[in-house]
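# Analysis of the macromolecular model
Listed below are the residues making up each chain.
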Amino acid sequence: MLASRPTRNDSLRWEDNDNGEVQVFIERQETWKVKLLSKVFYIPKERKITLDEVGTEVWQMCNGRNSVGDMIELLSEKYQLNRKEAEVSLLQYLKTLGQKRFIGFVLEGEEGPPDPGKASGKRWVKK
Amino acid sequence: MENTVDFVWQGLRLEVPEDWNLGRVDGDFEKGYARLDDAEIVRLEIEWRRLKGRGEALRLTELVDRYLANLQKKADKAGASFSVQRQARFLKNKKFLGDREYEVFTWEADFRAYNLAIVLEKGRVVLLRVLARRDESLEEQAEAIFRSLVDQEGEDAYVWSIYGLRFSAPADLKLEGHSLKSGHIQLDFAGGNKQTLKVHRLSMARILLKEVSLENWYPIFFKKTLRDVVVDIAAVDVHGGAGLAVEGRPRSRWRQLLRPLPFLNPRPRQYLLARVWHDTNTDKIAIVEHLYRKKGTEADLVTKVVDGHFFAGQRTEAESGRDVGVAADAQ
């Protein structure tokens, strides 16, 4: 796990807001339930998730080049965290992002994206 | 040995490499277990127990026999290879063991374990184990760790040191609960006269205090704890940094009559004394709270703990063979 390299889901749109925080935009799924409900209620076409300072930091590090181990080192150094503290929080956060399919993990030996943020055609590995 | 830090729990102190962190802890002063891990594997395990109420004291060798028999049984069940070397000779200098009853042994399965079983002066038996991969040798490191073992039992105050949080608390306060969440460590102690001492440490203080002052943050963050207390907060200097002195008194008894079950009181009336401060060097917020029932029984506990409380400075370049004294560090 520590050697794997998290990489953002290329199909997601994201941008920095005025405060320097990352906002991830998730498009509404066109299921029959949503379609039906949207006839009655207003359902926005996409929803926006704003990441906090640390979340933004992690998101920007998920470029397919930094390993989880590297990210732990960077976070523990920047926020003066004990390695274990950084590890537990980061793994939990990455797990959540992975479950929501915001990120995937490039495994050791696999090629990461050549230019982060652009479609790379790599195999998508979901953990 | 490389850079080391203190790990101190339930009166047992060890000096371990700084990248070995507490992974699991269980039990109390009389009987318990702690495990330290590095980034990849379990590195150290310590078990302690007091042998009592068995009539004739059990010999240490019998305990080791039982422990190894148990491991052998597990290995047989799993079909794994398991070898033991009793009376192992990897310690270069055994002087530090003194005339205490002990046994040094190693076992090898998926890992190699360097073990020290020892009866401490005050009666607790400790089994200390340093684990190494089969392709590495940690004999010197294991010896340095064994040598650093100090028992604080019998002292007036015990040092506690985990994840860089380090403080000393009076020995008569027993650890009642702990919460080792990432970013928020909390240790709760209970003592006579139904008093409670709570020590918190929160990480990433700069982010927590980004949009709010410490004075405003504290009552919001601890809203639940403070719901039955009327607090007065004053700015004070703590360890050369900005801090708060908090005094709390129980809310009016009349309020209780407004509760759904007014004659049941699950939350007793308590007074509160606390110090809260932001340690800018480590970017941590520390909180020491003393809750007590009767006025006049506070005995300045908060000041005692705060004065012996520090985060940094516990990192040491260990000299091999150095026997570390705890008393000097205890407030």
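Within any chain, residue numbers begin from 1 and follow the written order of that chain's sequence. Here the convention is simple: chains get letters from A, ligands get numbers from 1, in the order in which they are written. Reporting in this predicted model follows two pLDDT cut-offs: at least 70 for local features of residues, and 80 or more for side-chain atom pairs to be given and counted; totals over whole chains, interfaces and linings ignore these cut-offs and use all residues. Side-chain measures were taken over the full set of non-hydrogen atoms in the model, leaving aside hydrogen atoms and water.

### Concerning helix 3 (residues 68–78) of chain A
Residue and element names in this part refer to chain A. This is how it is decided: Whether a residue is buried, partly exposed or exposed follows from its accessible area with a 1.4 Å probe, protein chains only, as a fraction of its type maximum: under 20%, in between, or over 50%, in that order. Starting at the N terminus, helices and strands are each numbered in turn, a helix being any DSSP run of H or I of at least four residues and a strand any DSSP run of E of at least two. When we speak of the arc, we mean the arc of directions from the helix axis to the C-beta atoms.
Taken together, the buried positions of helix 3 are occupied by Val-68, Gly-69, Met-71, Ile-72, Leu-75 and Ser-76. Buried positions in helix 3, seen along its axis, are confined to an arc of 160 degrees and lie on one side of it. The first or second residue beyond helix 3 is Gln-80, which carries a positive phi of 50 degrees.

### Some points on the pattern of salt bridges
Let me state the cut-off plainly: Salt bridges are defined by distance alone: a side-chain nitrogen of Lys or Arg within 4 Å of a carboxyl oxygen of Asp or Glu.
The final tally for this structure, using the stated rule, is 31 salt bridges over all chains. Ionic contacts of the salt-bridge type, sharing partners, join the residues Glu30(B), Arg50(B), Arg124(B), Asp151(B) and Glu153(B) into one network.

### Quick word on the pairing of strand 1 (residues 3–9) of chain B
All names here are of chain B. Applied cut-off: Between any two strands, pairing holds if DSSP finds at least two bridges.
Along strand 1, 6 of the 7 residues are buried, which leaves the element largely enclosed by surrounding structure. One ladder, built from 6 bridges, connects strand 1 with strand 2 (residues 12–17); its direction is antiparallel. Bridge pairing links Trp-9 to Leu-12 in strand 2. Here strand 1 folds back onto strand 2 in antiparallel fashion, the turn holding 2 residues, of which Gln-10 has a positive phi close to 50 degrees.

### Here we look at the interface of chain B and chain A
So the rule is basically this: Throughout, a contact is declared for two residues whenever any of their heavy atoms are within 4.5 Å. By definition, the buried area sums, over both parts, the 1.4 Å-probe accessible area that each loses when the two are put together. Nitrogen and oxygen atoms within 3.5 Å of one another constitute a polar contact, given that in protein one can donate a hydrogen and the other can accept it, and given that sequence-neighbouring residues count only through two side-chain atoms. Gly is put with the polar residues, along with every residue not named as nonpolar or charged; the nonpolar set is Ala, Val, Leu, Ile, Met, Phe, Trp, Tyr, Cys and Pro, and the charged set is Asp, Glu, Lys and Arg.
With 19 residues of chain B at the contact, the number on the chain A side is 12 residues. A buried area of about 1,300 Å², summed over both sides, lies between chain B and chain A, and 47% of it is on carbon and sulfur atoms. If you sort the residues of chain B by the area they bury against chain A, Ala39(B), Ser182(B) and Met204(B) come out on top, with a joint share of 33%. Inspection of the region where chain B meets chain A yields 4 salt bridges. A salt bridge links Asp37(B) to Lys84(A); its shortest N-O distance comes to 3.3 Å. For the pair chain B and chain A, the number of links is 11 residue pairs in polar contact (both at pLDDT 80 or more). At the level of secondary structure, the elements contributing two or more residues to the side of chain B that touches chain A comprise strand 3 (21–27) and helix 3 (205–208) of chain B. Here the element with the most residues in the side of chain B that touches chain A is strand 3 of chain B; it accounts for 3 residues. Its residues placed into classes, the side of chain B that touches chain A shows 5 nonpolar, 8 polar and 6 charged.

### What about the sheet that holds strand 14 (residues 184–191) of chain B?
All names here are of chain B. Spelled out, the test is: The axes used here are C-alpha line fits, helices contributing only the stretch in contact, and every angle between their N-to-C directions lies in the interval 0 to 180 degrees.
Spatially, the 7 strands line up as an open sheet ordered 13-14-15-19-18-17-16, and their pairing is antiparallel. In the strand order of this sheet, the two ends are held by strand 13 (174–181) and strand 16 (229–238), each with one partner. Across this sheet, the average inter-strand angle for adjacent strands is 15 degrees, counted without regard to direction.

### Side note on the confidence of the model for chain B
Residues and elements named next belong to chain B. Using the following cut-off: pLDDT is a per-residue confidence score from the predictor, ranging from 0 to 100.
Per-residue confidence for chain B gives a mean pLDDT of 85; residues scoring 70 or more make up 89%. Between residues 312–331, whose pLDDT stays under 50, and residues either more than four places distant or in other chains, the model counts 45 contacts. Across the interfaces of the predicted complex, the ipTM metric reaches 0.72, alongside a pTM of 0.81.

### Section: the nonpolar core
Spelled out, the test is: Nonpolar core, defined: a set of buried Ala, Val, Leu, Ile, Met, Phe, Trp, Tyr and Cys residues in which side-chain atoms within 4.5 Å join the residues together.
Ranked by size, the top nonpolar core spans 60 residues in total, and within it Leu44(B), Ile46(B) and Phe146(B) carry the most contacts. Every residue in contact with Leu44(B), bar those within four places of it in the chain, is listed here: Leu14(B), Val16(B), Trp20(B), Ala34(B), Arg35(B), Leu36(B), Leu128(B), Arg129(B), Val130(B) and Ile145(B). Within the second largest apolar cluster, 23 residues are counted, among which are Val24(A), Met61(A), Tyr79(A) and Leu81(A).

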